[in-house]
Every structure is written in C-alpha cells, then in structure tokens.
Amino acid sequence: MRTMTAVLDRTRHARLALTALLAAAVALAVPFYFAPFQVFQLSMVLVYAVALAGLNLLVGFGGQISLGHGAFFAAGAYTAAIMLDRFDTGHLATLPVAAAACFLLGLGFGVPALRLRGLYLALVTLSLAVFLPPLLKRLEAVTGGSMGLTVAKPQPPAWSGLAEDQWTYFVVLAVAAVALLLARNLLRSRVGRALLAVRDHESAAEVMGVRLSVHKTLAFAWSAMFAGVAGCLYTWVIGFVSPDSFSFVLSITLLAGLVVGGLASLYGPLLGAAFVMYVPSVAQDLSEAAPGVVFGLLIIAVMFVAPTGLAGLASRAGGALARRRARAAPSDRSPLARSAPESTSEPSAPPTPADPAVVEAEPVGAPPRTEKE
C-alpha cells in the first residue's frame, strides 16, 4: 500500500513539474510571436495577477472583505513613480521600497480594522479607495496633481537584442513568478493554515492557539504588499500614473476579477487577471454605447456557468466527464461473482414438503395434525 502511494505521489509530482515546464516554455516564447500591443496586454495580465494574489490572501483565505485594494495598488504605483521622477533612481530600486511602504500601510490599516468585520469592514476599506484619489490631486507638488507623472519605462540592455515591450514583459514575468511562488508557499505554511482556521471558525481557531489579531493584521499587510508590488509593475509597464487611474472602480474590478477567477484558489488570480484585462475590451467591442452593461452581463453569465469561479470550472467539467464515462461503461463484476458458476436455464427442482416456504398454512384454531394425517 505504501509503495502504491509513493508511486502515485511521484506520478503527481512529475505531472505537476511537466505542466510547470510547459507553462514556462509558453510564457517565455509568447513575446516573440505576438504584436507589441498584445505583449503589453499580457504584461498587464501579470500585473493584475500579482494584485489579485494579494487580495486572495485577504479575501479568499482570510475571509475578510476588502473594497479598497485599489488604494494600496495606487500607493505602490505612486511610490515607484515619485522615486523615478523626483529622485531619478533605477527601476529595480523602486520595487522593494514600494513593497515595504505598502506593507507598513497595510499593517497600520489592519490594526483599526480588527474591530470590524463583514459589511462594516468593506465600507471602511471602500472609503479608503474613495479618499485616496482626491488626496493625490491635492498633493500636486509631489504627485503632479491631476496631470499625474510621466516616467521612463525599463530599457532593454544592448546585449539582449529585445524590443522595449519584450524586455518589460520578461522583467514583469520574473517579478510576477517570484510573487506568485511566494504567495503559494505562504499559503502552504503555518500562516496559511492559520488564515484558513480564522476564516472557517474564529472561536475554534482561538482555542487552538491561533492569535486572531496577529494573523488578521498580517493578512492586511501581506495583501497590501502584493498590491504595492503590482502597482510598481504597473508604473513600469504604463510609464504614467494619475489619480483618475486609481478610482474606487479599480477596487471593485479587482474584487470582481478575484471572485470570477476563483476564491481560495492558487490559479484563480491568473484567470481573474485575464478576465479583468480582456473582458472590458470585449465589452467595448460589443457595445460602444454601454460597455459597462455588457461587462456586468458577462460577469453574471460567467458566475452562472461557474459558481465557484473559473478555477473550479475545469475540476467540475473533469468530474462530470468521469461520471459520464462511469455510467456509460459496463459495470465490472465482483471477484465473487466471477468465481461463481454461470446460471443455467434448467428449472430448479421443486421444493420438498419439508421446506417451510411451501408448507400449507394452518387455519387459525385448527387442531394439530397427527402422524397419520
């Protein structure tokens, strides 16, 4: 039994490794077969995937509702833009600073949020997303006001032979791969198990020794850090930031993308990021007059088809296919049935009179039969 389990584990690990290698090969070959605008779209998918991975930590695994994730996204973007524009630093130097700044911002916001939950917490986080854009417009000396800031994009080195969009894609791909791997390892550690325990039952988790205040605050901090990294990558890809780019609609769109992709799923952020990037463009093509209506109808349609998100749709389809094959295939006979002799068409011998099944029923109150009878 142990040998069979070990073989199955090795097979599963080999399948996962082969899938990862195939995905890496496709991701590395993509920028050489697509137009620059399509490469730009794929870079934005990776940016949104990092942001949704952080939101998944807080909402999917932590069980806390946040409608202000766009504020942390904007904080990371403006941190990188200010460093590039005002201090003329390198692009890579802005990444750890944006991550650290948003981690501290999320840590500070997570402490007062401990007393709130449910809709009250969602309302407070939404107020943060509504409050930040006007504040950025007021701080014109630092943020550029309503005009925003324009910064240079990462330039490819001469030895690479790559175009600007291809080099930016590879840089964003490397950072996104590290961020998603970090999120995966974090969720499989004690922190991830503690977040799941807090999400499922806070009282039981506290009895088991989980410190609710620490893990809830850290969930906000980690989530904000991932959003800050995504905002920094956004500045690299776009090369421009303005307050109007980070309205509260961004926060709602990110939450919708996470739900559509699949809550508490390791692959949900990638699917949700693709939905956030491409579906609005499809809605714009279908109806230039009311793209928001089409976008909302597409969300409703996707959630009707996949209630657990796009990540759960593949597993549901695989399970349905397996059940259909099981019903279509002839049922195997058990070993006992295979070892038993085949039944013949000859009628069985009539039962003997001693068989209780054929003894004539005695009338009620009749005297017992004698030997002669």
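Before reading further, recall that the structure is shown in the block above.
Below you will find a few notes about this structure.

Calculation rules
- Residues numbered from 1 in each chain as written.
- Predicted model: local features only at pLDDT ≥ 70, side-chain atom pairs only at ≥ 80, totals over all residues.
- Heavy atoms only, no water.
- Helix = DSSP H or I, 4+ residues; strand = E, 2+ residues; numbered from the N terminus.
- Buried < 20%, exposed > 50% of the residue type's maximum accessible area, 1.4 Å probe, protein only.
- Contact = heavy atoms within 4.5 Å.
- Areas by Shrake-Rupley, 256 points an atom, 1.4 Å probe, with all protein chains shown as cover.
- Patch = residues over 30% accessible without salt bridge, like charges linked within 9 Å, V, L, I, M, F, W, Y side chains within 5 Å.
- Salt bridge = Lys/Arg side-chain N within 4 Å of Asp/Glu carboxyl O.
- Lys, Arg positive; Asp, Glu negative; His and termini not counted.
- Charge placed at Lys NZ, Arg CZ, Asp CG, Glu CD.
- Phe/Tyr/Trp six-rings, centres within 6.5 Å; stacked < 30°, edge-to-face > 60°.
- Polar contact = N/O pair within 3.5 Å; in protein donor to acceptor, adjacent residues only side chain to side chain.
- Axes fitted to C-alpha atoms, helices over the stretch in contact; angles between N-to-C directions.
- Parallel < 35°, antiparallel > 145°, perpendicular 65-115°, else oblique.
- Nonpolar A, V, L, I, M, F, W, Y, C, P; charged D, E, K, R; others polar.

The subject of this paragraph is the overall build of the chain. Looking only at helices and strands, the chain has 15 helices and two strands in total. Buried residues in the chain amount to 39% of all 373 residues. The long-range share in the chain, meaning contacts at least 24 apart out of those at least 6 apart in sequence, stands at 75%. Put simply, the chain shows about 21900 Å² of open surface, and 67% of that area lies on carbon and sulfur atoms.

The subject of this paragraph is a positive patch on the surface. Taken together, the side chains of R12, R15, R184 and R188 define a basic patch exposed on the protein surface. Along the chain, R188 turns up in the loop between α7 (164-187) and α8 (190-200). Note on R188: relative accessible area 54%, which makes it exposed.

Scanning the entire structure with this criterion turns up 13 aromatic pairs. On the basis of an interplanar angle of 50° and a centroid distance of 6.0 Å, the ring pair of F73 and F246 is categorised as tilted. Of this pair, F73 sits in helix α3 (residues 69-86) while F246 sits in the loop between β2 (240-241) and α11 (248-261); the two residues are 173 residues apart in sequence, bridging distant segments of the chain. The exposure classification of F73 matches that of F246, with both residues buried. Taking the centre distance of 5.6 Å and the plane angle of 65° together, the rings of Y169 and F170 count as edge-to-face. With a relative accessible area of 4%, Y169 lands in the buried category. Within the aromatic cluster, the residues linked to one another by ring pairs are Y48, F73, Y78, Y234 and F246.

What follows covers the environment of T217. Here T217 lies in helix α10 (residues 212-238). Along the backbone, T217 and A113 are 104 residues apart, and their C-alpha atoms lie at a distance of 8.1 Å. When residues no more than four places from it in sequence are discounted, the contact partners of T217 are L107, G110, V111 and L114. Looking at T217, its side chain comes within polar contact range of the main-chain oxygen of S213, at 2.7 Å.

Running from N to C, helix α2 (residues 36-61) and α10 cross one another at 170°; their axes reach a closest spacing of 7 Å. It follows from the interaxial angle that α2 and α10 lie roughly antiparallel. Between α2 and α10, the contacting residues are F40, S43, M44, V47, V50, A51, G54, L55, L57 and L58 on the first element and A219, F220, W222, S223, F226, V229, A230, L233, Y234, V237 and I238 on the second. Residues that form the contact of α2 with α10 fall into these classes: 18 nonpolar, three polar and no charged.

This part covers the pattern of salt bridges. Applying the stated criterion across every chain, the model contains four salt bridges. In this structure, R86 and D85 form a salt bridge, with 3.5 Å as the shortest nitrogen-oxygen distance. Close ionic contact of R199 with D200 constitutes a salt bridge, the shortest N to O distance being 3.2 Å. A residue is classified by how much of its surface remains accessible, and R199, at 33% relative accessible area, is partly exposed.

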